[in-house]
Amino acid sequence: PEVLADFHGEMGGCDSCHVSDKGGVTNDNLTHENGQCVSCHGDLKELAAAAPKDKVSPHKSHLIGEIACTSCHKGHEKSVTYCDACHSFGFDMPFGGKWERKFVPVDADKAAQDKAIAAGVKETTDVVVIGSGGAGLAAAVSARDAGAKVILLEKEPIPGGNTKLAAGGMNAAETKPQAKLGIQDKKQIMIDDTMKGGRNINDPELVKVLANNSSDSIDWLTSMGADMTDVGRMGGASVNRSHRPTGGAGVGAHVAQVLWDNAVKRGTDIRLNSRVVRILEDASGKVTGVLVKGEYTGYYVIKADAVVIAAGGFAKNNDRVAKYDPKLKGFKATNHPGATGDGLDVALQAGAATRDLEYIQAHPTYSPAGGVMITEAVRGNGAIVVNRDGDRFMNEITTRDKASAAILKQKGESAYLVFDDSIRKSLKAIEGYVHLNIVKEGKTIEELAKQLDIPAAELAKTVTAYNGFVKSGKDTQFERPDLPRELVVAPFYALEIAPAVHHTMGGIVIDTKAEVKSEKTGKPIEGLYAAGEVTGGVHGANRLGGNAISDIVTYGRIAGASAAKFAKDH
Ligand code: FAD
Ligand code: MEZ
């Protein structure tokens, strides 16, 4: 047998996976088919529990929701390890092939699309949400709470988009967790930091809404079961305002899971493997619905009063990235595989205005060995960055544009992130990197330097000098403003880091109600809303770490409520 279906076919016929009397698949989630896998092989938790503890288990992951077996184990084609979209585990998978993904433009196959549109409406709803990241899930929850019937469409087999990968935190000012920790902050300072970080080209009205609603968004998440009580520092922030779960665990998987659970609890119709390829409008330009391509069921039309585009950015589409910023050609990306820019394409087809597309952010600390981004929170909690000579060369918590540029000027266009055991203990996210085997360890700084093959005496001198700055409260070398702790607790750790494409600041033009502006008229396109990384204007030329999760929760909520209201009124 070549593929899983051949094998199962030989064993028990098509019935072992499919409901034979219905013909074909149950739906694009492959609900019945996945149920069959679980009934014979056990669920993810059971499989993960049975795996050896000292190895990375393909069934234990940071992904959210109920991960369908068919995300990796394909029936009628070679199976793939979805994780290899970012990592390169190369698990020995039965009937496995190599992970690869070719980008197919949304308007490919136009004749088949036109035919499906001509065939007419298959289903009707109040609101369609495109994308199951934080912005889409927040929009779905708030639209459901406003009484709308919602269908949420996600093109990937795995939900959560980039949101599930977010690590360092969610920025918010004047929050209850800050007050509990004695942190003095003001919404106005968050506005000022965001504008300065964005080089003042942000839309100031959008920034005001971001900051002024940020503490309410923390309360909203908390009321739905989130833990946002750990507060740390991100680059470009004047105070500690980046919220995340206790012990510094990754923020994104937690926020996405809470939103997912709440969207499911509210009866949202969530469809995976379902790509929106066109937004449909009537002759007056008012939105009437979407054309979907179901991975297994093919094209169909959903009629809707309002559509929320929450399809994320395009950092994983290097051709597109390089078109806007040629310096980033060939760069790796920190993003999930679905971050290709479909949302922009369907919005452009619908006549939306866009802005700031040329502003694309590289994250300074990506691990080429692990294929993962190393959270800024490691630096926020006190790590330093050194080059191959063992020297510091920048304020580690400067903004990302400056940090990435400084790293690219070093020998080998990469550097080392160095921290001690007290930093490791302060941030649960670090355990994930240790688990991936990408962290070098030494009982002393000199031993660590040997592991990295850099001059031991120089690294020791650098760390001693840095510890002196912490003691005196002033970094006279690079003016790092926040010096949380000396690096003195053995063992010491390091990993190699280099910049990778991380965030696309530009996108669809929206107003403070998340209405999408028309390129032609400058006025809102009736019934069309957008939120999250697919939009432009909130972050200006450079996003501050922690501001995206804030953006998607606040504007996702606004977009969902606005869309539900529009649907009710029309
Ligand atoms: P996403 O979460 O990317 O979701 C968009 C979804 O839409 C995807 O699932 C995608 O597959 C789907 N989609 C796309 N096109 C279509 C289509 N045509 N039809 C149907 N579905 C479609 N920000 C912070 O503030 N703090 C952090 O700590 C942080 N850490 C990060 C760490 C990593 C590794 C990465 C990659 C980003 C991080 N960010 C962080 C940025 C932040 O996570 C993202 O900007 C944010 O989550 C984007 O949310 P979103 O809902 O707009 O898009
Ligand atoms: O906002 C981000 O992208 C972020 C905080 C990432 C990180 O380093 O954790």
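So, a few notes on the structure that sits alongside this text. Just so we're clear, the structure is a prediction, and the values are computed from it rather than from any experiment.

## So, the packing of aromatic side chains
The full count for this structure, using the stated rule, is six aromatic pairs. The positively charged end of Lys 122 is found above the aromatic ring belonging to Tyr 300, 4.3 Å away from the centroid. One cation-aromatic arrangement involves Arg 320 over Phe 314; the distance from NZ or CZ to the ring centre is 5.6 Å.

## Thoughts on the site of ligand 1
Taken together, 41 residues form the shell around ligand 1, and within it Glu 154, Thr 163, Gly 168, Gly 169 and Glu 533 come nearest. In this structure, an oxygen atom belonging to ligand 1 sits 3.3 Å away from a main-chain N or O atom of Gly 161. Note that an oxygen atom of ligand 1 is positioned 2.7 Å from one of the backbone N or O atoms of Gly 168. Compared with its free state, where it exposes 1000 Å², ligand 1 has 98% of that area covered by protein. Residue assignment for the shell around ligand 1 shows that the elements contributing at least two residues are α5 (134-145), β7 (274-281), β16 (492-504) and α19 (547-569). Per element, the largest residue contribution to the shell around ligand 1 is four residues, and it comes from α19. Grouping the constituent residues of the shell around ligand 1 by class yields 14 nonpolar, 20 polar and seven charged.

## Here's the deal with the sheet that holds strand β4 (residues 230-232)
Strand order in the open sheet formed by three strands is β3-β5-β4, and the pairing between neighbours is antiparallel. The sheet is open, and its two borders are formed by β3 (170-171) and β4, each paired with just one other strand. Pairing analysis gives two bridges linking β3 to strand β5 (residues 242-244), with the strands arranged antiparallel. In the strand pairing of β5, Met 170 is matched with His 243.

## Considering the pattern of salt bridges
For the coordinates displayed, the defined rule picks out 30 salt bridges. With a closest N to O distance of 2.9 Å, Lys 176 and Asp 219 form a salt bridge. In this pair, Lys 176 sits in helix α6 (residues 176-180) while Asp 219 sits in helix α9 (residues 214-223), placing the two residues 43 residues apart along the sequence. You can call Lys 176 exposed: its relative accessible area is 57%. For Asp 219, a relative accessible area of 28% gives the class partly exposed. Across the salt bridge formed by Arg 320 and Asp 345, the nearest N and O atoms sit 2.9 Å from each other. You can see Arg 320 sitting in helix α11 (residues 318-324) and its partner Asp 345 sitting in helix α12 (residues 342-349), a full 25 residues away along the chain. Each member of the pair, Arg 320 together with Asp 345, is buried.

## Focus on α9
The set of residues buried in α9 consists of Ser 214, Ser 215, Ser 217, Ile 218, Trp 220 and Leu 221. At the exit of α9 stands Gly 225, carrying a positive phi of roughly 115 degrees.

## Focus on the packing of helix α8 (residues 204-212) against α19
Put simply, α8 and α19 touch, their axes get as near as 9 Å, and they point 95 degrees apart. In terms of orientation, α8 lies roughly perpendicular with respect to α19. Contact residues: α8 offers Glu 205, Leu 206, Val 209 and Leu 210, while α19 offers Asn 547, Ser 550, Asp 551, Thr 554, Tyr 555 and Ile 558. Taken together, the residues of the contact of α8 with α19 break down into five nonpolar, three polar and two charged.

Criteria and thresholds
- Residues numbered from 1 in each chain as written.
- Chains lettered and ligands numbered in written order.
- Predicted model: local features only at pLDDT ≥ 70, side-chain atom pairs only at ≥ 80, totals over all residues.
- Heavy atoms only, no water.
- Phe/Tyr/Trp six-rings, centres within 6.5 Å; stacked < 30°, edge-to-face > 60°.
- Lys NZ or Arg CZ within 6 Å of the ring centre and 35° of its normal.
- Near = heavy atom within 4 Å.
- Polar contact = N/O pair within 3.5 Å; in protein donor to acceptor, adjacent residues only side chain to side chain.
- Areas by Shrake-Rupley, 256 points an atom, 1.4 Å probe, with all protein chains shown as cover.
- Helix = DSSP H or I, 4+ residues; strand = E, 2+ residues; numbered from the N terminus.
- Nonpolar A, V, L, I, M, F, W, Y, C, P; charged D, E, K, R; others polar.
- Pairing = 2+ DSSP bridges.
- Salt bridge = Lys/Arg side-chain N within 4 Å of Asp/Glu carboxyl O.
- Buried < 20%, exposed > 50% of the residue type's maximum accessible area, 1.4 Å probe, protein only.
- Axes fitted to C-alpha atoms, helices over the stretch in contact; angles between N-to-C directions.
- Parallel < 35°, antiparallel > 145°, perpendicular 65-115°, else oblique.
- Contact = heavy atoms within 4.5 Å.

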